[in-house]
Amino acid sequence: MCGIVGYIGQNDTKEILLTGLEKLEYRGYDSAGIATLGEDGVHVTKVKGRIAALREKVDNENDATIGIGHTRWATHGVPSVQNAHPHQSSTERFTIVHNGVIENYMALKKEYLEDVDFVSETDTEVIVQLIEKLYQKHKSTKKAFGEAMSLLKGSYAIGLIDAEDQETLYVSKNKSPLLVGLGEGFNLIASDAMATLKETNEYLEIFDKEIVLVNRSFVEVQTLDGEVINREPFIAEIDASDTEKGTYPHFMLKEIDEQPIVMRNIIREYQNEKGELKLDKDIRKAMQKTDRIYIIAAGTSSYAGLVGKELIEKIANIPVEVHIASEFSYNMPLLPEKPLFLFISQSGETADSRAVLVKIKELGHPALTLTNVPGSTLSREANYTLPLHAGPEIAVASTKAYTAQIAVLAILAVDTARAKGIKLDFDPLQELAIVANAMEIITNQKEELEQLSNEYFASTRNAFYIGRSMDYHVAQEAALKLKEISYIQAEGFAGGELKHGTIALIEDGTPVVALATQENVNYSIRGNVQEVVARGANALIISSKGLEQDEDAFVLPPVHELLTPLVSVIPMQLLAYYAALHRDCDVDKPRNLAKSVTVE
Ligand code: AGP
């Protein structure tokens, strides 16, 4: 899951590539590079580390009119200058950037490239060496590129330049995301629209296994068999300023603070002019028709799915199963007659989820995607899409997308219940307005949460989060947040489960964060707190107004019990944020992670 960008035009090629890579850095940031082609040939600059280091190393020669760039999340070969992209063919005629994994690269190497000396450990170098080999056969870059693409197995988004052709950027993709940005006298390619919003907001989608020749004044799209495709461009509804940090020190803090606004966006977008719930009628029909819903997601989105299961089952009375996408692909359960697949994905590009979508479409089952990126692969390839309206989420640790997913799932559950004639005393638009106000109150208590974070997490190597029912699902998300940005080992546990083994890990001072927002299990979870405190744990209790007790460290403003995850997660996000901050971790770009996981 890397980020790639390409440009062909008259303007400042290097600056456009570097700015694009800075916007894509959340996709992978262990090494980077650019290649530009000017009158004096191809210039390649690569570094181990961040775009900032690349920007320092790039010379200010500026006659290049065509270029490609890459920011990496290593799959094959350690992060190093050698393994960084772009990669070149042996004669350096062809230069390539690639996002994805070539599954048959060893086989291709054996069959076609036994006589080639490789300089990197990457699967990507095999592609560019293969193109050079096939060029000797075809004496045409287009033909060599086309044949090479037909031989690749796996996921790829590719940009290639030919040192002897200043007019064409050779482009293709399979499974990995890639767009063509359209301009006057110039054109671009990018892994996502955010990379090139300063240049254009008009984009052309590329479908799997298409060959695209990008010239500065036209774009030619063909199938692998040479059939020319005409496709209408679309306008990306993203404002470039949304991708800026503004005065915030980190995107994560900005995105935590944006959650009240996101709730109000969702209230506005999911109601009609009469103030009634507004939802696509085909989605309503699909929800009414199904006899079982399968939620498919990964990471934080799967934890939102666990809350969604409770909301849909309790409100709309439809059985729901939540499956980790990477497991479901290879271990599909017995399906009922009319399953409906509900994909939850902030990016809409998670390869594990997409692999499931491809499989269930082959089986002819309907799919609905909840995503923050309408037009993304999981949105395009599903039957229906429900947008999250959360605005671009840049920080790798997901925050506002998680709460937006839960809010939209609540709306979906109520809309379905009403369509099924179920009487409800729960109006999600009213309740979400109360949630938005509660979120504002909590995000204005940062100092208190920073102190608590310092008190409980300053020197610990591990921590536990416990909860029951809805709180158990939030505890799992809270543990993930702490792990992924502060590198403190943490686990989210069902409060009643600890005594069956894991309580053995509790010792003097072990931080245990307990959530008590559910009335029917309030006493049980407080009993669990006593169990761990009796073994030396340092307990931090977060409760809802009306359920609070004197020893509670933080009390949440009252919201509807079914929506408490929307407010209880915010202190969890901030506790993790301050723990990472005080450990000088890179809050927005944690080690070893990337925002959109586009490889399986
Ligand atoms: C969450 O903070 C992580 N970035 C990660 O677990 C993420 O939720 C997961 O990769 C799923 O991503 P998606 O929602 O874009 O599909």
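Residues numbered from 1 in each chain as written. Predicted model: local features only at pLDDT ≥ 70, side-chain atom pairs only at ≥ 80, totals over all residues. Heavy atoms only, no water.

Engineer: I'm lost on the overall build of the chain in this one. Help?
Structural biologist: Per the secondary structure count, the chain includes 18 helices and 25 strands. The C-alpha radius of gyration computed for the chain amounts to 25 Å, which stays within 12% of the reference 25 Å derived for 600 residues, consistent with globular compactness. Dimensions of the chain, computed from C-alpha atoms along their principal axes, come out at roughly 75 × 55 × 45 Å. Across the 600 residues of the chain, 61% fall into the buried class. For the chain, the share of sequence-separated contacts (at least 6 apart) that also reach a separation of at least 24 residues comes to 72%. Counting only carbon and sulfur atoms, one obtains 48% of the accessible surface of the chain, whose full area is about 23,000 Å². The positive charge centre, built from 59 side chains, and the negative charge centre, built from 87, are 4 Å apart in the chain. (Helix = DSSP H or I, 4+ residues; strand = E, 2+ residues; numbered from the N terminus. Rg over C-alpha atoms; globule rule 2.2 N^0.38 Å. Buried < 20%, exposed > 50% of the residue type's maximum accessible area, 1.4 Å probe, protein only. Contact = heavy atoms within 4.5 Å. Areas by Shrake-Rupley, 256 points an atom, 1.4 Å probe, with all protein chains shown as cover. Lys, Arg positive; Asp, Glu negative; His and termini not counted. Charge placed at Lys NZ, Arg CZ, Asp CG, Glu CD.)

Engineer: In this structure, what is going on with the layout of surface pockets? I would like to understand it.
Structural biologist: With a probe scaled to a water molecule rolled over the atoms, the places where space remains empty come into view. Here the largest pocket is characterised by a volume of approximately 760 Å³. Considering only residue class, the lining of the largest pocket consists of 16 nonpolar, 10 polar and 11 charged. Taken domain by domain, the makeup of the lining of the largest pocket includes at least three residues from each of domain 1 (3-236) and domain 2 (244-441). Of the voids in this model, the second largest pocket is the one considered here, and its volume is about 570 Å³. In terms of lining, the second largest pocket is formed by 29 residues, of which the most central are Ala298, Gly299, Thr300, Lys595 and Val597. Of all the elements in the fold, those that place two or more residues in the lining of the second largest pocket are α9 (299-316), β18 (339-345), α11 (351-362) and α16 (470-486). Split by residue class, the lining of the second largest pocket holds 11 nonpolar, 12 polar and 6 charged. (1 Å grid on protein atoms, 1.4 Å probe; cavity = no way out; pocket = protein on both sides within 12 Å on 5 of 7 lines; lining within 4 Å. Points joined across faces, edges and corners; volume = space filled by probe spheres on them. Nonpolar A, V, L, I, M, F, W, Y, C, P; charged D, E, K, R; others polar. Domains from an automatic or database assignment.)

Engineer: Would you mind going over the pattern of salt bridges with me for this structure?
Structural biologist: Two side chains carrying opposite charge are able to pair once their charged atoms lie near each other. Evaluated as defined, the whole model comprises 34 salt bridges. Lys589 is paired through a salt bridge with Glu25; the nearest N and O atoms lie 3.9 Å apart. Taken together, the residues span a long stretch of sequence, with Lys589 in the segment after α18 (565-581) and Glu25 in the loop between α1 (13-24) and β2 (31-38) at a distance of 564 residues. In terms of burial, Lys589 and Glu25 fall into one category: buried. The partner of Glu310 in a salt bridge is Lys314, with the nearest N and O atoms 2.5 Å apart. Of this pair, Glu310 and Lys314 both sit in helix α9, 4 residues apart, which is roughly one turn of that helix. The exposure class assigned to Lys314 is exposed, which follows from its relative accessible area of 53%. Here the residues in one salt-bridge network are Lys173, Asp208, Arg354 and Glu381, joined through shared partners. (Salt bridge = Lys/Arg side-chain N within 4 Å of Asp/Glu carboxyl O.)

Engineer: Looking at this structure, how should I read α16?
Structural biologist: Side chains three or four residues apart in an α-helix point the same way, a direct result of the helix having 3.6 residues per turn. The end-to-end C-alpha distance of α16 is 25 Å, a good match for the 24 Å that 17 residues give at a rise of 1.5 Å each. Burial analysis of α16 places 15 of its 17 residues in the buried class, the great majority of the element. One or two steps after α16, the chain reaches Tyr487, where phi turns positive at roughly 60°. (Expected span 1.5 Å × (residues − 1).)

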